[in-house]
Amino acid sequence: MRKYELIAPCHFGLEAVLKQEIIDIGYDVTLVEDGRVTFLGDEEAIARANIFLRTAERILIKVGSFQAETYEELFQGTKKLNWEDYIPKEGKFWVAKAASIKSKLFSPSDIQSVMKKAMVEKLKEKFHIEWFSETGESYPVRVFLMKDLVTVGLDTTGESLHRRGYRKLVAKAPIAENLAAALIMLTPWNKDRILVDPFCGSGTFPIEAALMAANIAPGMNRSFLSEHFDQLVAKRNWYDSMDEARDMVDLSIDVDIQGYDIDPEMVRISRENAKLAGVEGLIHFQKRSLDELSHPKKYGFIISNPPYGERLEEKEDMPALYKKIGERYRNLDSWSMYLITGYEQAEADIGRKADKNRKIYNGMMKTYYYQFLGPKPPRRDGK
Ligand code: SAH
C-alpha cells in the first residue's frame, strides 16, 4: 500500500505530546519541528490520525518540498509536484493557507496565486484539458516556507481537528480542545485520579478528560474532508477506523471529574456540551465560586484555565483572585495543580513557585503552564 509522509501541525510547545500520541497509535515519526510533527502512514493512517489524535490541529499529506527564493522558482517547484496523483479532474483546488518564516517570499496572497497557476498548468498537461470546472470535492492545499524551503501539503481534515463537534456553546475565552487535551496529557492524571476545574467555563478540560477516561476518540462525532477523497482513501478505511473507535469506548467507568464556575450560565453550557460529547454521566458540573473550592479526598488534580485579566477592568481583580487560588490550593491535601494563564504575576500571588513551568502559545498569545506538583499517592499494593 502506498506510504505517505503525513504532517500534523499542532500548538507551538506541544510537539512532544503529539509525537507520543502518533507513536502510540502506531506510526513512525520522522521529523519534529516547531509547530508540527511529520510521520509515515498509508491511507488507513490518514483516517486513523484524523479520528484518534487528540492534540493535532489537522493532518496534511505532504505533496513535496523544494527550495524557492523567487516566484519563478516557486512556480516551477510547484509545477513539478505530482498533483495528478492527488486531485481528480473535477476537483476544486486552491492554496487555502500560506505561511512564511525567514524566507525571501513572504506575501501569502502572491504565494497562493502563483502556486494555483502552477497547479493549473501541471493538471492541464496531465489531464489534457484547458479548463477546470472545479465542481467536485474540495482539495485545499497548505504551504509553509521556512528559510526558503517550501513544504506543500494537501489538507485531509477540513475544519480544524480541535472542533470535535461537542462545543456548540462557548465561554468568553474558551481554550482550544486540542490544547486542553495536550495540557491534561502533560500531567500524570489518569481516570483513577480526581480532576477538578474550578474555572470550567464551557467545560473543555472536564470534557476532554472524560473523553480520555472513556476512551472516546475525539473524531468520532465529526466528519473529515478526505472522507470524500475516494482515489486517495478508500471508504473502507473510514468504516474500519470508526469501528475500531466504537469498540474502544468504555462508559462503564468510575471517575471523579468535576467542573465548577461562578457563572450559572457557564455551568448550563458545560452540561450541554458534555451531553453532546456523550460524557454527561462522567462529569459533575456545579455552580460554585473559588471560595467554596474543597474536596474531601487526597491526591487530586486541579487542571484549569483561570481568568487572566484580558480586559483592563478585570486586571485589578487578578492579584486577589490568584491569592485566593493559592489559599484554596494549600487547603487541599496532597493535590497537584496545573494552571494555564497569561497572567505574569501568577506565582507571586499564589505564593509558591511552580515546580515546572512551560511557555505555550495559545494562538498568538504567550501563556504559561504552571505546574505545582503534589506527592504521588501510595501504591495500592502497599509497595
Ligand atoms: N477553559 C474554559 C474558559 C475559562 S474562562 C473554557 O474552555 O471554556 C474563566 C472562567 O472562570 C469564566 O467562565 C468565569 O465565569 C470563571 N470565574 C471567574 N471568577 C471565578 C471565581 N471566583 N470562581 C469560579 N469561577 C470564576
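Residues numbered from 1 in each chain as written. Predicted model: local features only at pLDDT ≥ 70, side-chain atom pairs only at ≥ 80, totals over all residues. Heavy atoms only, no water.

Visitor: How should I be thinking about the site of the ligand in this particular structure?
Guide: The environment of the ligand is formed by 21 residues, the closest being Ile-175, Ser-202, Thr-204, Asp-261 and Leu-290. Backbone polar atom of Ile-175 to an oxygen atom of the ligand: 3.0 Å apart, as the coordinates give it. Note that an oxygen atom of the ligand is positioned 2.6 Å from one of the side-chain N or O atoms of Asp-261. Bound to the protein, the ligand loses 86% of the 580 Å² it would expose on its own. (Near = heavy atom within 4 Å. Polar contact = N/O pair within 3.5 Å; in protein donor to acceptor, adjacent residues only side chain to side chain. Areas by Shrake-Rupley, 256 points an atom, 1.4 Å probe, with all protein chains shown as cover.)

Visitor: Looking at this structure, how should I read the sheet that holds strand β12 (residues 336-341)?
Guide: What links the strands of a sheet is backbone hydrogen bonding, and the strands pair in either a parallel or an antiparallel sense. One open sheet holds the seven strands; their spatial order is β10-β9-β8-β11-β12-β14-β13, and the pairing between them is mixed. Sheet topology places β10 (283-287) and β13 (356-362) at the edges, where each strand pairs with a single neighbour. Within the sheet, the average angular offset between the axes of one strand and its neighbour, ignoring direction, is 20°. As paired strands, strand β11 (residues 301-304) and β12 are joined by four bridges and run parallel to one another. Looking across to β12, one finds that Phe-301 is bridged to Ser-336. Packed onto the sheet, helix α5 (residues 177-185) meets β11, β12, β13 and β14 (365-372) and runs at close to 165° relative to β13. (Pairing = 2+ DSSP bridges. Helix = DSSP H or I, 4+ residues; strand = E, 2+ residues; numbered from the N terminus. Axes fitted to C-alpha atoms, helices over the stretch in contact; angles between N-to-C directions. Contact = heavy atoms within 4.5 Å.)

Visitor: Can you help me understand the domain arrangement of the protein in this one?
Guide: Many descriptions give the size of an interface as the accessible area lost when the pieces come together. Structurally, the protein comprises domain 1 (3-155) and domain 2 (177-217 + 249-372). Computed over C-alpha atoms, the centres of domain 1 and domain 2 are 35 Å apart. Of the roughly 1200 Å² buried between domain 1 and domain 2, counting both surfaces, carbon and sulfur atoms make up 63%. It is His-11, Leu-14 and Arg-54 that lose the most area in domain 1 upon contact with domain 2, and together they represent 53% of the buried surface on that side. At the junction of domain 1 and domain 2, the tally comes to zero salt bridges. Taken together, domain 1 and domain 2 are joined by four residue pairs in polar contact (both at pLDDT 80 or more). Listing elements by their share of the side of domain 1 that touches domain 2, those giving two or more residues are α1 (15-24) and α2 (43-52). Its residues placed into classes, the side of domain 1 that touches domain 2 shows six nonpolar, three polar and three charged. (Domains from an automatic or database assignment. Buried area = accessible area lost by both parts, 1.4 Å probe. Salt bridge = Lys/Arg side-chain N within 4 Å of Asp/Glu carboxyl O. Nonpolar A, V, L, I, M, F, W, Y, C, P; charged D, E, K, R; others polar.)

Visitor: For this particular structure, what's the right way to read the packing of α2 against helix α7 (residues 235-248)?
Guide: Each pair of packed helices can be described by the angle between their axes along with the distance between the axes. Axis separation between α2 and α7 bottoms out at 9 Å; the angle between their running directions is 40°. The pairing of α2 with α7 is recorded here as oblique in orientation. Crossing of α2 against α7: the hand is right-handed. Counting all contacts with α2, which are made through Glu-43, Glu-44, Ile-46, Ala-47, Arg-48, Asn-50, Ile-51 and Phe-52, the residues of α7 involved are Asn-237, Trp-238, Ser-241, Met-242, Glu-244, Ala-245 and Met-248. (Parallel < 35°, antiparallel > 145°, perpendicular 65-115°, else oblique. Left-handed = near helix turned anticlockwise from the far one by under 90°.)

Visitor: Before we go on, may I ask you to explain the environment of Tyr-260 in this structure?
Guide: Mapping Tyr-260 onto the fold places it in strand β9 (residues 257-261). For Tyr-260, a relative accessible area of 3% gives the class buried. Expressed as a C-alpha distance, the spacing of Tyr-260 and Ala-234, which sit 26 residues apart in the sequence, is 44 Å. In contact with Tyr-260, other than residues within four places in its own chain, are Val-196, Asp-197, Pro-198, Phe-199, Cys-200, Gln-286, Arg-288 and Leu-293. (Buried < 20%, exposed > 50% of the residue type's maximum accessible area, 1.4 Å probe, protein only.)

Visitor: Sorry if this is basic, but what is going on with the sheet that holds strand β5 (residues 92-101) here?
Guide: Read from one edge of the open sheet, seven strands run β2-β3-β1-β4-β7-β6-β5, paired in mixed fashion. Taken across any chain shown, the strands that pair with only one partner, and hence form the sheet edges, are β2 (28-33) and β5. In this sheet, neighbouring strand axes are inclined to one another by 30° on average, regardless of whether the strands run parallel or antiparallel. As defined by bridge partners, strand β1 (residues 4-9) adjoins strand β3 (residues 36-41) across six bridges and the pair is classed as antiparallel. Looking across to β3, one finds that Pro-9 is bridged to Arg-36. Contacts from helix α3 (residues 71-80) reach β4 (60-67) and β7 (149-155), with the element oriented near 135° to β4.

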